[in-house]
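Chain residues, written in single-letter form:
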Amino acid sequence: MTPQDEYYLLHTTARHLLARVAPDMPEAEILRFSEELRQGELIEVRAHGELFEGAAELIRELHSAGYILAICGMGEHDYIHAILEKCAIAPYFSYVYHRMEGKTKGEVMAMLLRDAGVTGEGCVMLGDSATDRTAARENGVPFIGVSYGYGAAALADEDRLAADISELREMLFTYLKG
């Protein structure tokens, strides 16, 4: 696969993929394929899901320091919760938001901020994709990118871009204490 193909697959839904590769597929087949794919992903995450090295420790450190943690992901509800459970980090997150049909990540992030009762200046977003950065900018949220994630190539021009978890930790605590 080309990097563009990989990026597309990581950032699209089964329905959008099928519209591209099988535009004449009947609706019943689209639904069946989508559900099989969803179930397969959940099986894999529950069996083999893991975080980047050091991520769980950083999450625990932030939580024990009193920071409110939230997830604003574009994965499906069950997928995000399967990762949280598999990696034993669910208790550290006060807010978990997932893909919502018909809403952009920026719109979902706006809902999260409103529900949490914070403004963009009251938090920081960590992300590995241009979609994360765009959502942060749309909501006035400072952004720190990571170059080791799935969409990191699109963040090469980011001013605050961590190459690994220790660099992320340093950037994050510098920002939070600054």
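This text gives an overview of the structure that appears in the document.

Calculation criteria
- Residues numbered from 1 in each chain as written.
- Predicted model: local features only at pLDDT ≥ 70, side-chain atom pairs only at ≥ 80, totals over all residues.
- Heavy atoms only, no water.
- Helix = DSSP H or I, 4+ residues; strand = E, 2+ residues; numbered from the N terminus.
- Rg over C-alpha atoms; globule rule 2.2 N^0.38 Å.
- Buried < 20%, exposed > 50% of the residue type's maximum accessible area, 1.4 Å probe, protein only.
- Contact = heavy atoms within 4.5 Å.
- Areas by Shrake-Rupley, 256 points an atom, 1.4 Å probe, with all protein chains shown as cover.
- Phe/Tyr/Trp six-rings, centres within 6.5 Å; stacked < 30°, edge-to-face > 60°.
- Pairing = 2+ DSSP bridges.
- Salt bridge = Lys/Arg side-chain N within 4 Å of Asp/Glu carboxyl O.
- Expected span 1.5 Å × (residues − 1).
- Arc of directions from axis to C-beta.
- Right-handed = clockwise from strand over helix to strand, strands pointing away.
- Axes fitted to C-alpha atoms, helices over the stretch in contact; angles between N-to-C directions.
- Parallel < 35°, antiparallel > 145°, perpendicular 65-115°, else oblique.
- Nonpolar A, V, L, I, M, F, W, Y, C, P; charged D, E, K, R; others polar.

1. Examining the overall build of the protein chain
Move 1: Broken down by element type, the protein chain carries eight helices and five strands.
Move 2: The N-to-C order of helical and strand elements in the protein chain reads α-α-α-α-β-α-β-α-β-α-β-β-α.
Move 3: A compact globule built from 178 residues should have a C-alpha radius of gyration of about 16 Å, and the protein chain, at 17 Å, falls within 12% of that.
Move 4: In terms of overall dimensions, the protein chain has C-alpha extents of about 55 × 35 × 35 Å along its principal axes.
Move 5: Of all 178 residues assigned to the protein chain, the portion counted as buried reaches 32%.
Move 6: Intrachain contacts of the protein chain at a sequence separation of at least 6 include 48% that bridge at least 24 residues.
Move 7: For the protein chain, the computed accessible surface area is about 10700 Å², with 54% contributed by carbon and sulfur atoms.

2. Things to note about the packing of aromatic side chains
The way to describe two aromatic rings as a pair is by their centre distance and the angle between their planes.
Move 1: Taken as a whole and assessed by the stated rule, the structure comprises two aromatic pairs.
Move 2: Summarising the aromatic geometry, the rings of Tyr 67 and Phe 173 are spaced 6.4 Å apart at their centres and angled 70° between planes, so their arrangement reads as edge-to-face. Linking Tyr 67 in the loop between helix H4 (55-64) and strand E1 (69-72) with Phe 173 in helix H8 (residues 165-177), this pair joins segments that are 106 residues apart in sequence.

3. Observations concerning the sheet that holds strand E5 (residues 161-162)
Move 1: Reading across the sheet, the three strands line up as E3-E4-E5 and stay open at both edges, with parallel pairing between neighbours. Where the open sheet ends on each side, the last strands, each with one partner, are strand E3 (125-127) and E5.

4. Some words on the pattern of salt bridges
Move 1: A full pass over the atoms with the stated rule returns 11 salt bridges.
Move 2: Residues Arg 15 and Glu 27 are paired through a salt bridge, measuring 2.7 Å at the closest nitrogen-oxygen approach. Of this pair, Arg 15 sits in helix H2 (residues 14-21) while Glu 27 sits in helix H3 (residues 27-48), and the two are 12 residues apart along the sequence.
Move 3: On the basis of relative accessible area, Arg 15 is assigned to the partly exposed category, the value being 39%.
Move 4: Residue Glu 27 is classed as partly exposed on the basis of its relative accessible area, which comes to 42%.

5. What to know about H3
Move 1: An ideal rise of 1.5 Å per residue puts 32 Å on 22 residues; H3 measures up with 31 Å between its terminal C-alpha atoms.
Move 2: Within H3, the full set of buried residues consists of Ile 30, Leu 42 and Val 45. On an axial view of H3, the arc spanned by its buried residues comes to 100°, and they lie on one face. Every exposed residue of H3 that faces more than 90 degrees away from the buried side is listed here: Ala 28, Ile 43 and His 48.
Move 3: At its buried positions, H3 is contacted by H2 and helix H5 (77-86).

6. A few points about the pairing of E1
Move 1: Two strands pair when backbone bridges link them, and E1 and strand E2 (residues 93-97) are joined in this way by four bridges, in the parallel orientation. Among the inter-strand pairings, Ile 71 is bridged to a residue of E2, identified as Val 96.
Move 2: Once the chain exits E1 it traverses H5 before rejoining the sheet at E2, and the crossover so formed is right-handed.

7. Points about the packing of H3 against H5
Move 1: Orientation of H3 relative to H5, taken along the N-to-C sense of each, is 10°, at an axis distance of 9 Å. With respect to H5, the element H3 is oriented roughly parallel. Note on element contacts: H5 touches H3 through Asp 78, Tyr 79, Ala 82, Ile 83 and Lys 86, opposite Arg 38, Glu 41, Leu 42, Val 45, Arg 46, Ala 47 and His 48.
Move 2: Its residues assigned to classes, the contact of H3 with H5 comprises six nonpolar, one polar and five charged.

8. Comments concerning the environment of Glu 85
Move 1: Among the secondary structure elements, Glu 85 is positioned in helix H5.
Move 2: As for Glu 85 and Arg 46, which are separated by 39 residues in sequence, their C-alpha atoms are 8.2 Å apart.

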